Amino acid sequence: MKKILLIATLIIATIANAQQADKAKNLLDEVNSKMSAYNNIYIDFKYNLDNMAENINQETKGNVTIAKDKYLLNYLGATKMYDGSKTYTIVPENEEVTIEKNANEETAITPSRMLTFYKKGYKYKWDIQQNIRGRKIQYVELKPQKQSSEVKQILLGIDIQTKHIYNLIEIGKNGTKTTITINTFKTNQPLSDNIFKFDREKYKKDGYTILEL
């Protein structure tokens, strides 16, 4: 009888976990569907990096413009742009531009994959809900399926009312905690036709070193 009760308990727990996972994925799919409908998105964000063991605490700000699979990211005094086929990293301090053809955009959590990275390689779990300045933020936990991943878990905070991402918390196996919090979120902004085009001649004229990998 005890064995039967144990098996029944395990079955119920398995079903409950599966239902929670489906609930979490359905919310992520809903967010992805809504965000993908926008022509473009502008985000002003705060970035925090903490590692108590190493006594590291870093806080900075940045902004990114995303249009489908393209993006323009300004962060830590540098600009990173993806035009759909190449990634350009522009560092004014070093007067250097690095161009990467066929960069690993498929696996990294880049701005253009912020809404789709969860679809492959993760397990889902419905996590806590918090009230943050009057906003109900529902968290979904994602855990990498690969044991070799350096990431322990990712928590994605979603505004239940708007179905927009509020923040992303990534916790590494080395104890490093990275938090990206969205301060400003704008959609369907008027964009220049050249916003995702790299002006090689301009940077050559300005004396930049251009490296192609």
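This write-up is about the structure you can find in this document. (Residues numbered from 1 in each chain as written. Predicted model: local features only at pLDDT ≥ 70, side-chain atom pairs only at ≥ 80, totals over all residues. Heavy atoms only, no water.)

1. Thoughts on the packing of aromatic side chains
One pass over the structure, following the stated rule, counts nine aromatic pairs. The interplanar angle of 65° and the centroid separation of 6.5 Å between the aromatic rings of Tyr-38 and Phe-185 together place this pair among those described as edge-to-face. Residue Tyr-38 is found in the loop between α1 (2-36) and β1 (41-51), and its partner Phe-185 is found in strand β11 (residues 177-187); the two are separated by 147 residues along the sequence. Look at Tyr-38 and you get buried, because its relative accessible area is 16%. Both rings, one in Phe-117 and one in Tyr-122, keep their centres 5.5 Å apart while their planes meet at 85°; by these two values the pair is edge-to-face. Exposure remark for Phe-117: the relative accessible area of 2% places this residue in the buried category. Three or more aromatic residues joined by ring pairs make a cluster, and in this case those are Tyr-88, Phe-198, Tyr-203 and Tyr-208. The residue whose ring lies beneath Lys-23 is Trp-126, and the NZ or CZ to ring-centre distance is 4.4 Å. (Phe/Tyr/Trp six-rings, centres within 6.5 Å; stacked < 30°, edge-to-face > 60°. Helix = DSSP H or I, 4+ residues; strand = E, 2+ residues; numbered from the N terminus. Buried < 20%, exposed > 50% of the residue type's maximum accessible area, 1.4 Å probe, protein only. Lys NZ or Arg CZ within 6 Å of the ring centre and 35° of its normal.)

2. A closer look at the nonpolar core
In terms of nonpolar packing, the biggest core is built from 29 residues, with Leu-28, Val-64, Val-140, Leu-142 and Ile-154 touching the most fellow members. Those elements giving two or more residues to this core turn out to be α1, β1, β2 (56-67), β3 (70-75), β7 (122-132), β8 (135-144), β9 (151-159) and β10 (164-172). Once residues within four sequence positions are removed from consideration, Val-140 is found in contact with Ala-24, Leu-27, Leu-28, Lys-125, Asp-127, Ile-154, Leu-155, Leu-156 and Ile-158. Counting 12 residues, the second-largest nonpolar core is a separate cluster that includes Leu-72, Met-81, Tyr-203 and Tyr-208. (Core = buried A, V, L, I, M, F, W, Y, C linked by side-chain atoms within 4.5 Å. Contact = heavy atoms within 4.5 Å.)

3. Here's the deal with the pairing of strand β6 (residues 96-101)
In this sheet, β6 lies alongside strand β5 (residues 86-91) in antiparallel orientation, the contact comprising six bridges. Its bridge partner lying in β6, Tyr-88 is registered against Ile-99. From the end of β5 to the start of β6, which pair antiparallel, there are four residues, and Glu-95 there has a positive phi angle of about 50°. Relative to strand β12 (residues 209-212), β6 is paired through four bridges, and the arrangement is parallel. Residue pairing across strands places Ile-99 opposite Glu-212, the latter belonging to β12. (Pairing = 2+ DSSP bridges.)

4. Describing the environment of Phe-45
Within the element layout of this structure, Phe-45 appears in strand β1. With 137 residues separating them in the primary sequence, Phe-45 and Ile-182 have C-alpha atoms 4.4 Å apart. Apart from the residues within four sequence positions on either side, Phe-45 is in contact with Thr-60, Lys-61, Gly-62, Asn-63, Val-64, Leu-73, Tyr-75, Ile-180, Thr-181, Ile-182 and Asn-183.

5. What about the pairing of β3?
In the sheet, β2 pairs with β3 via six bridges, with the strands oriented antiparallel. Each bridged residue has a counterpart across the sheet, and for Thr-65 the counterpart in β3 is Leu-72. Inspection of the sheet shows β3 paired to strand β4 (residues 78-82) by five bridges, in the antiparallel sense. Bridging across to β4, Asn-74 finds its partner in Thr-79. Where β3 hands over to β4, the hairpin turn is made up of two residues, of which Leu-76 adopts a positive phi near 55°.

6. Remarks on unusual backbone geometry
The phi dihedral of Lys-163 is positive, around 60°, even though this residue is not glycine. With respect to the secondary-structure elements, Lys-163 resides in the loop between β9 and β10. With relative accessibility at 17%, the residue Lys-163 sits in the buried group. Backbone geometry places Asn-188, a non-glycine residue, at a positive phi of 50°. Considering the arrangement of structural elements, one finds Asn-188 in the loop between β11 and α2 (200-205).

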